[in-house]
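Residue-level structural notes
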Amino acid sequence: MENEANKFIDFIITQKCTYRCKYCSQSKNQTLECNNATKETIQAFYKLLDNIEKDYEITITGGEAILHPDFFEIIEEIKNKGFKINLISNLSFKIETYQKIFNSLKENLNRFDISFHIDEIQNFNIMLEKLEEFILSKPATTKTSFFIPLYNIDTKKELKIDKILRIAKKYNISYSFQKIRFLNNYKEQYSEKYVSHHTKRKTFAKLCFAGCESAVIYENGNAYRCYSSRFNHSNFLGNINDVDFKLNDDAKACTNCSCNCPKPQLYNQICIEKDYLEALKETGKNIINLPKLILKNKEIVIAKIKQFLSF
Ligand code: SF4
Ligand code: SF4
């Protein structure tokens, strides 16, 4: 099947983060262990890069990817292999750290997006100054977008969001709001002011290139078709450290009722065509494997329950 979509691989090189957002999709507040990708997993990732076309966009992410002790070596190596790199940060590091990244990657830095977690920002005015410095010192070819999670919005927070949006407008930067989701449902209702660009789409049985032309790799080397796949047997692509890891050869039917992964939607990975037979067959396998996956990911399940109870 031919696809005009952009290809991408997201590599979560660390679970460590400078923040502890209450709504974190990785439940950092409740997760005891926040690990880094090991040297072995990073070498396996380099091998994967040697076997794919250079038109994949590589996103190095976390947690906060910069916290990985080998962060600068990793981005340098990916650049030397000829790939464009995407990064995302909560802007909690000194401006010099970001400038070091700009100097190291230059035009190989395709995107550098910023997420704003208002509750965690210690000094909001200093952060705004840093944001302007960030925008002015990034390479001219590097695109950027702002992501603003919406959690317990009150008047004080609205004023802060307005200040961020003023900067976005001043420099013509796109932004989107992220509504907090839990168990596939949005946690709160927001005013019309905060229109989210991301829509929940019904995707069961739709053919999707996620897993073939995109993948999400966790710090332990486990690779999946898309985010939220840990409890979906048919979305597991193997561990990049093992010989049985493989990207899918073609688009496959989605077994999720709806898609909450913004990136495959943005990158046109989801087709209109459906394959009900494959979707039902894979759903059957998912049901059989679910208890095993819950057991395998029991720490995540416990963290999610604790997070749910803490809201
Ligand atoms: S900044 Fe992102 S990764 Fe870190 S705790 Fe907040 S939501 Fe989670
Ligand atoms: S959940 Fe979304 S990205 Fe994942 S396989 Fe389904 S349609 Fe594709």
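Our subject is the structure that appears above.
Here we summarise the structure given alongside this text.

Rules and cut-offs
Residues numbered from 1 in each chain as written. Chains lettered and ligands numbered in written order. Predicted model: local features only at pLDDT ≥ 70, side-chain atom pairs only at ≥ 80, totals over all residues. Heavy atoms only, no water. Near = heavy atom within 4 Å. Nonpolar A, V, L, I, M, F, W, Y, C, P; charged D, E, K, R; others polar. Phe/Tyr/Trp six-rings, centres within 6.5 Å; stacked < 30°, edge-to-face > 60°. Helix = DSSP H or I, 4+ residues; strand = E, 2+ residues; numbered from the N terminus. Buried < 20%, exposed > 50% of the residue type's maximum accessible area, 1.4 Å probe, protein only. Core = buried A, V, L, I, M, F, W, Y, C linked by side-chain atoms within 4.5 Å. Contact = heavy atoms within 4.5 Å. Salt bridge = Lys/Arg side-chain N within 4 Å of Asp/Glu carboxyl O. Pairing = 2+ DSSP bridges. Axes fitted to C-alpha atoms, helices over the stretch in contact; angles between N-to-C directions. Parallel < 35°, antiparallel > 145°, perpendicular 65-115°, else oblique. Left-handed = near helix turned anticlockwise from the far one by under 90°.

1. A few points about the site of ligand 2
Surrounding ligand 2, one finds Thr203, Cys208, Ala210, Arg225, Cys226, Cys254, Asn256, Cys259, Pro264 and Ile270. Partitioned by chemical class, the residues of the shell around ligand 2 number seven nonpolar, two polar and one charged.

2. Topic: the packing of aromatic side chains
Both the distance between ring centres and the angle between the ring planes are used here to describe each pair of aromatic rings. For the coordinates displayed, the defined rule picks out 15 aromatic pairs. Centroid distance Tyr23 to Tyr151: 5.4 Å. Interplanar angle 50°. Geometry classified as tilted. Here Tyr23, found in the loop between strand E1 (7–12) and helix H1 (39–50), pairs with Tyr151, found in the loop between strand E5 (145–150) and helix H5 (155–170); they are 128 residues apart in sequence, far enough to count as distant. Its relative accessible area of 9% is what places Tyr151 among the buried residues. Pairing Phe112 with Phe134 gives two aromatic rings, centres 5.1 Å apart and planes at 90°, and the pair type is edge-to-face. One end of the pair, Phe112, is in strand E4 (residues 109–115); the other, Phe134, is in helix H4 (residues 124–137), and 22 residues separate them in sequence. A residue is classified by how much of its surface remains accessible, and Phe112, at 1% relative accessible area, is buried. Of the aromatic side chains, those joined through ring pairs into one cluster are Phe93, Tyr98, Phe102, Phe112 and Phe134.

3. A look at the nonpolar core
In this structure, Phe45, Ile58, Ile60, Ile78, Leu87 and Ile101 are the most contacted members of the largest nonpolar core, which totals 67 residues. In this view, Ile58 contacts Ile9, Phe45, Leu49, Ile52, Ile78, Phe83, Lys84, Ile85 and Asn86; residues no more than four positions away in its chain are not counted.

4. Concerning the pattern of salt bridges
For the coordinates displayed, the defined rule picks out 11 salt bridges. The partner of Glu76 in a salt bridge is Lys79, and the shortest N-O contact between them spans 3.3 Å. One end of the pair is Glu76 and the other is Lys79, both in helix H2 (residues 71–80) and three residues apart, which spans about a single turn. Here Lys170 makes a salt bridge to Glu132, at a shortest N to O gap of 3.1 Å. Of this pair, Lys170 sits in helix H5 while Glu132 sits in helix H4, and the two are 38 residues apart along the sequence. According to the relative accessible area criterion, Lys170 is exposed, its value standing at 57%. Judged by relative accessible area, which is 23%, Glu132 ranks as partly exposed.

5. A closer look at the sheet that holds strand E2 (residues 56–61)
The mixed open sheet is built from nine strands, whose spatial order is E6-E5-E4-E3-E2-E1-E11-E12-E13. The sheet is open, and its two borders are formed by strand E6 (174–179) and strand E13 (236–239), each paired with just one other strand. Geometrically, the sheet is characterised by an average inter-axis angle of 20° between neighbouring strands, direction not taken into account. Of the pairings in the sheet, the one linking E5 to E6 comprises six bridges and is parallel in character. Residue pairing across strands places Phe146 opposite Tyr175, the latter belonging to E6. Taken strand by strand, H5 contacts E5 and E6, and its axis lies near 165° from that of E5.

6. Some thoughts on the sheet that holds strand E16 (residues 270–274)
Judged by pairing direction, the sheet is antiparallel, and its three strands sit side by side in the order E14-E10-E16 without closing on themselves. Sheet topology places strand E14 (252–253) and E16 at the edges, where each strand pairs with a single neighbour.

7. Quick notes on the packing of H1 against H2
It is at 11 Å that the axes of H1 and H2 come closest, and there the two elements cross at 15°. By the angle class used here, H1 and H2 are roughly parallel. Crossing geometry of H1 relative to H2 is assigned as right-handed. The segment H1 lies against H2, with Ile42, Phe45, Tyr46 and Leu49 engaging Glu73, Ile74, Glu77 and Ile78. Across the contact of H1 with H2, the residue classes break down as six nonpolar, no polar and two charged.

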